[in-house]
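Observations on the model geometry
Each chain, written out:
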Amino acid sequence: LFEQLGEHGYRLVELDTLLARRIQPSDRFAMPDGITVREARRDEATAWVSVSLASFSDTGAPAPGGHPEVYEALFQLPTTSYFFASIDGEIAGTAAIDLQSGTAQLFATSTRHGARGRGVQTALIAARLAFAQAAGCDLTFMRTEAGSGSQRNAERQGFRPLYSKAILEKRFD
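Report follows, based on the coordinates. The model shown is predicted, which means the values in this text are computed figures rather than measured ones.

1. Structural notes on the pairing of strand 1 (residues 10-22)
Across a regular strand the side chains alternate sides, sitting on one face of the sheet and then on the other. One ladder, built from ten bridges, connects strand 1 with strand 7 (residues 160-170); its direction is antiparallel. The partner of arginine 11 across the bridge, within strand 7, is glutamate 169. Pairing analysis gives seven bridges linking strand 1 to strand 6 (residues 139-145), with the strands arranged antiparallel. Counted as the bridge partner of leucine 18 is arginine 143 from strand 6.

2. A word on a nonpolar patch on the surface
Taken together, the side chains of Phe2, Tyr10, Leu12, Leu15 and Leu168 make up a nonpolar region of the molecular surface, amounting to roughly 420 Å² of accessible area. The leading source of residues in the nonpolar patch is strand 1, at three residues. Here tyrosine 10 is to be found in strand 1.

3. Side note on the packing of aromatic side chains
Per the stated rule, a full pass over the model turns up five aromatic pairs. On the numbers, 4.7 Å between centres and 75° between planes, the contact of tryptophan 48 with tyrosine 82 is edge-to-face. Highlighted residues: tryptophan 48 in helix 2 (residues 45-56) and tyrosine 82 in strand 3 (residues 80-87), separated in sequence by 34 residues. Comparing tryptophan 48 with tyrosine 82, the two get one shared label, buried. Where tyrosine 82 meets phenylalanine 107, the ring centres are 6.5 Å apart and the plane angle is 80°; that geometry is what we call edge-to-face. On the criterion of sequence distance, the pair formed by tyrosine 82 in strand 3 and phenylalanine 107 in strand 5 (residues 103-111) is long-range, its members being 25 residues apart. An aromatic cluster of at least three residues, connected via ring pairs, comprises Trp48, Phe75, Tyr82 and Phe107. In this structure, lysine 170 packs its charged tip against the face of tyrosine 10, placed 5.0 Å from the ring centre. Positioned over the ring face of phenylalanine 172 is lysine 170, at 5.4 Å from the centre of the ring.

Basis of the calculations
For every chain, the first residue of the written sequence is number 1, and numbering continues from 1 along that sequence. Residues qualify for local features only when their pLDDT is at least 70, as the model is predicted, and side-chain atom pairs are given and counted only at 80 or more; totals for whole chains, interfaces and linings, by contrast, use all residues. As a convention, hydrogens and water are excluded, and side-chain values are obtained from all of the structure's heavy atoms. DSSP calls a pair of strands paired once it identifies at least 2 bridges connecting them. Each helix is a run of DSSP H or I of at least 4 residues and each strand a run of E of at least 2, with the numbering of both proceeding from the N terminus. What goes into a patch is any residue over 30% in relative accessible area without a salt bridge, connected to like charges within 9 Å or, for nonpolar side chains (Val, Leu, Ile, Met, Phe, Trp, Tyr), within 5 Å. Note on areas: Shrake-Rupley, 1.4 Å probe, and residue coverage restricted to the protein chains presented here. A pairing counts as a salt bridge when a side-chain nitrogen of Lys or Arg comes within 4 Å of a carboxyl oxygen of Asp or Glu. Working definition: rings of Phe, Tyr and Trp (its six-membered ring) pair if their centres are within 6.5 Å, and the pair is stacked with planes under 30 degrees apart, edge-to-face with planes over 60 apart, and tilted otherwise. Buried means the residue's accessible area, taken with a 1.4 Å probe over protein chains only, is under 20% of the maximum for its type, while exposed means over 50%, and partly exposed covers the values in between. Counted as over-ring charges are cases with an Arg CZ or a Lys NZ within 6 Å of the ring centre that also lie within 35 degrees of the ring normal.

In structure tokens form, the structure reads like this:
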């Protein structure tokens, strides 16, 4: 199928997996040692967006076309909360959560290049699961790149894949 689509100008740009997890009132979420997670204040939108965009780029510099002003505006949504993870007082990562009718969507999890492999993503997942639980949510979901380290981290926290989705782009040359 992908070969035929390729012959017609389409190319695979992303393969994502949607994962979900139930939250029980008795669940406890362990934080890795040495990492603290706190909720970002609304006036920290610029700092949060800056760290997030830099963490998602390959170079550690803000990704081109990242549109920080759009993300800063979204920071003000009342159903969404944002988090910083720190190691030794230095910001190591960012993440967000959106709460809707007893469900929680975890998104925008990023780890700074120098902090990778130290449990930052695990801490951000655990903190948001606890946040969702405290808000009365019983179902969480998140999207990751299929087969990625993010998917493995989510599965270690009890998430299970529901389905994968291919995202294709068409050339018009």
